[in-house]
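In case you want the letters, here they are:
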Amino acid sequence: FSRELFYMIFTIIIPPVTYIFMGQLFGDQTYAGNLSYAETYTPSFILLITFSVIFFAFGFDQVMNRTTGVEKRIILSPVPQNTLLFSGILKSIIITSIGFFLVFIIGLLVYNLSFEPIRFLSAYGFFIILNAVLLTTSSAIYSLFTSMNAALVFSIVIFPVVIFTGGFTMPIDMMPK
């Protein structure tokens, strides 16, 4: 994962930097339910990292392994094919967990996000379940692609939809008419 500069920049570096930048712009505002910026956007940026890792790194890697012959070589080797899938799943969970902790720590240190151990553990548990659901969905969707170009176009098209409809950029209710 760390050898792929594209993955590192767009999944681990840009979301936390954007989280800080957007906090500088909108950090003083209160949102629905009298929530602060950190309370509103910490989950959003954690999900942004999760989505980008699972759909770009995990899903696209599956297509890349299939089209470049890596999957075929694994099938022909004495290593079980499930090892390739398990390594992708493990890599995704580790990277998304790093993103989870990174954004949460930034929220604690920069925006005084409150920390309640029980709520934190339940949120992380739900986060792992969400990872499992998204990994399954991603694997199913990307199994339909036979070319890297088609998978890349799909990823590039769906990503802005997720960003704008999820309110990751400027809050939708604050956008110009």
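Please read these numbers as outputs of a predicted model, since none were measured by experiment. Just so you know, the residues in each chain are numbered from 1, in the order the chain's sequence is written. Local features in a predicted model are, by the rule used here, given only for residues with pLDDT of at least 70; side-chain atom pairs are given and counted only at 80 or more, and totals for whole chains, interfaces and linings are based on all residues. Hydrogens and water are ignored here; the side-chain numbers use all heavy atoms of the structure.

## Some thoughts on the overall build of the protein
Note the threshold: For helices the rule is a DSSP run of H or I covering at least 4 residues; for strands it is a run of E covering at least 2, with both sets numbered from the N terminus onward. We call a residue buried when its accessible area falls under 20% of the maximum for its residue type, exposed when it is over 50%, and partly exposed in between, using a 1.4 Å probe and counting protein chains only. Note on areas: Shrake-Rupley with a 1.4 Å probe; residue coverage comes only from the protein chains shown. Neither His nor the chain termini are counted; the positive set is Lys and Arg, and the negative set is Asp and Glu. Every charge is mapped to an atom, namely NZ of Lys, CZ of Arg, CG of Asp or CD of Glu.
Helix and strand counts for the protein come out as 6 helices and 0 strands. Secondary structure elements of the protein, listed N to C terminal, follow the sequence α-α-α-α-α-α. Taken along the three principal axes of its C-alpha coordinates, the protein extends 55 × 40 × 25 Å. Residue burial in the protein is summarised as follows: out of 177 residues, 37% are buried. A total accessible area of about 10,300 Å² is found for the protein, and carbon and sulfur atoms account for 72% of it. Positive and negative charge centroids in the protein, built from 7 and 7 side chains respectively, lie 15 Å apart.

## Description of the side chain of Thr 50
How we decide: A 3.5 Å cut-off defines polar contacts: any pair of N or O atoms within that distance qualifies, except that in protein one atom must be a possible hydrogen donor and the other a possible acceptor, and neighbouring residues in sequence count only when both atoms are side-chain atoms. Contacts are residue-level and defined by heavy atoms, with any inter-residue pair within 4.5 Å sufficient.
Among the structural elements, Thr 50 can be located in helix H2 (residues 37-68). Among the residues examined, Thr 50 registers a relative accessible area of 0% and is labelled buried. Reaching out from Thr 50, the side chain makes a polar contact with the backbone oxygen of Ile 46 at a distance of 2.9 Å. Filtering out sequence-adjacent residues up to four positions away, Thr 50 remains in contact with Thr 96, Phe 127, Asn 131 and Leu 134.

## With respect to unusual backbone geometry
Glycine aside, residues mostly have negative phi angles, and peptide bonds mostly take the trans form. For Asn 112, which is not a glycine, the phi torsion comes out positive at approximately 55°. Given a relative accessible area of 65%, Asn 112 falls into the exposed group.

Interpretation in functional terms is not warranted from these geometric data alone.
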